[in-house]
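# What the coordinates show
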Amino acid sequence: MRKNDPDSRVGAAADVAAAAPARSGTVQSVERAVDLLEAMADAGGTVSLSHLAATSGLPLPTIHRLVRTLAGRGYVRQQSSREYALGPRLVRLGDTAGRLVGMWARPRLAGLVDDLGESANLALLEGNQVVYVAQEPGRHSMRMFTEVGRRVSPHCTAVGKALLSRMPAERAREVLRHTDFVRHTDNTITSPEEYFAELDKVRAAGYAVDEGEQELGVRCVAVALDGPLPAAVSISGPTTRMTDALLDSAVPKLRSVADALVAELARQDAAGV
């Protein structure tokens, strides 16, 4: 690099700015890289650099350098269309993080089972799907079992409804654009219009219910965490036991668990954990 080359000085200055601390204890370039990954996820996982520039507010050269760095590590990949997609190395990180989140939440789920008797679940939104990261089985001999790691469409689950109800409308529409709306039972919602009407009800009530929409004879109620973690807690069981009276008693307990998890995350963030 020649010291009197003005273009080199501009590029170096931009690199220094990207690596400078954003605030005490943080590094701006790391924050920007994470913001870009989240923007890609919000857009369905595949975006153009111009889209990232429009949504992030970062200069295109900065985005290009960050994306190329992520691509070199396998966290982003370039497609033949010249757009960029989330890369395969994120899968391992997501799976490991999901297991750890599940282990962290299990004591709270066990408390729900002790109080309500039915199986308790924790689910996260990953991309455009819901993934179950923890379950505490119910006390009854006949109980609901959801395999940890199972991925489902958000259109037919209480946890999916709860999660999407907390999203901005455009982000929810983006998720639904990648949803196939398969009819699992006669109760399954099969159109975006009907689903958005359902989300309005969920927002008004503060909880979501799956009325046998994924499996006949099964009822589920869920509450989303009110924080940065896109997660929801739920209980599920046979319709014969998941009565309206049980749901009435379950909702405040689910809210209490959701609030406790959010508060614990906030304490960890404040402590720098």
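Nothing here was measured: the structure is a model prediction, and the numbers come from that model. (Residues numbered from 1 in each chain as written. Predicted model: local features only at pLDDT ≥ 70, side-chain atom pairs only at ≥ 80, totals over all residues. Heavy atoms only, no water.)

Turning our attention to the side chain of Asn128. Structurally, Asn128 is set in the loop between β4 (119–126) and β5 (129–136). Not counting the four nearest positions on each side in its chain, Asn128 is found in contact with Gly44, Pro154, Arg171, Glu174, Val175 and His178. (Helix = DSSP H or I, 4+ residues; strand = E, 2+ residues; numbered from the N terminus. Contact = heavy atoms within 4.5 Å.)

A word on helix α2 (residues 28–42). The end-to-end C-alpha distance of α2 is 21 Å, a good match for the 21 Å that 15 residues give at a rise of 1.5 Å each. Arg32, Ala33, Leu36, Leu37, Ala39 and Met40 are the residues of α2 that are buried. Projection of α2 onto a plane perpendicular to its axis shows the buried side chains occupying an angular sector of 160°, all on one side. (Expected span 1.5 Å × (residues − 1). Buried < 20%, exposed > 50% of the residue type's maximum accessible area, 1.4 Å probe, protein only. Arc of directions from axis to C-beta.)

As a further point, take the confidence of the model for the protein chain. A residue-level look at the protein chain finds 84% of positions with pLDDT of 70 or above and a mean pLDDT of 84. Confidence drops under a pLDDT of 50 for residues 1–22, and excluding neighbours within four residues, the segment shows 21 contacts in the predicted structure. (pLDDT = per-residue confidence, 0-100.)

An order of β6-β5-β4-β9-β8-β7 is seen for the six strands of this open sheet, with the pairing classed as antiparallel. The open sheet is flanked by β6 (151–152) and β7 (208–211), the only strands paired with a single partner. Bridge analysis of β4 against β5 gives seven bridges, and the strand direction is antiparallel. Of the residues in β5, the one forming a bridge with Asn121 is Gln135. Contacts between helix α6 (residues 158–165) and the sheet are confined to β4, β5, β7, β8 (218–224) and β9 (231–238), with β8 contributing the most and set at about 25° to the helix. (Pairing = 2+ DSSP bridges. Axes fitted to C-alpha atoms, helices over the stretch in contact; angles between N-to-C directions.)

So, on to the packing of α2 against helix α4 (residues 60–72). The interhelical angle for the contact between α2 and α4, taken along N-to-C directions, is 80°, at an axis separation of 10 Å. What the angle tells us is that α2 and α4 run roughly perpendicular. In this structure, α2 uses Ser29, Arg32, Ala33, Leu36 and Leu37 to contact α4, whose residues at the interface are Thr62, Ile63, Leu66, Val67 and Leu70. Taken together, the residues of the contact of α2 with α4 sort by class into seven nonpolar, two polar and one charged. (Parallel < 35°, antiparallel > 145°, perpendicular 65-115°, else oblique. Nonpolar A, V, L, I, M, F, W, Y, C, P; charged D, E, K, R; others polar.)

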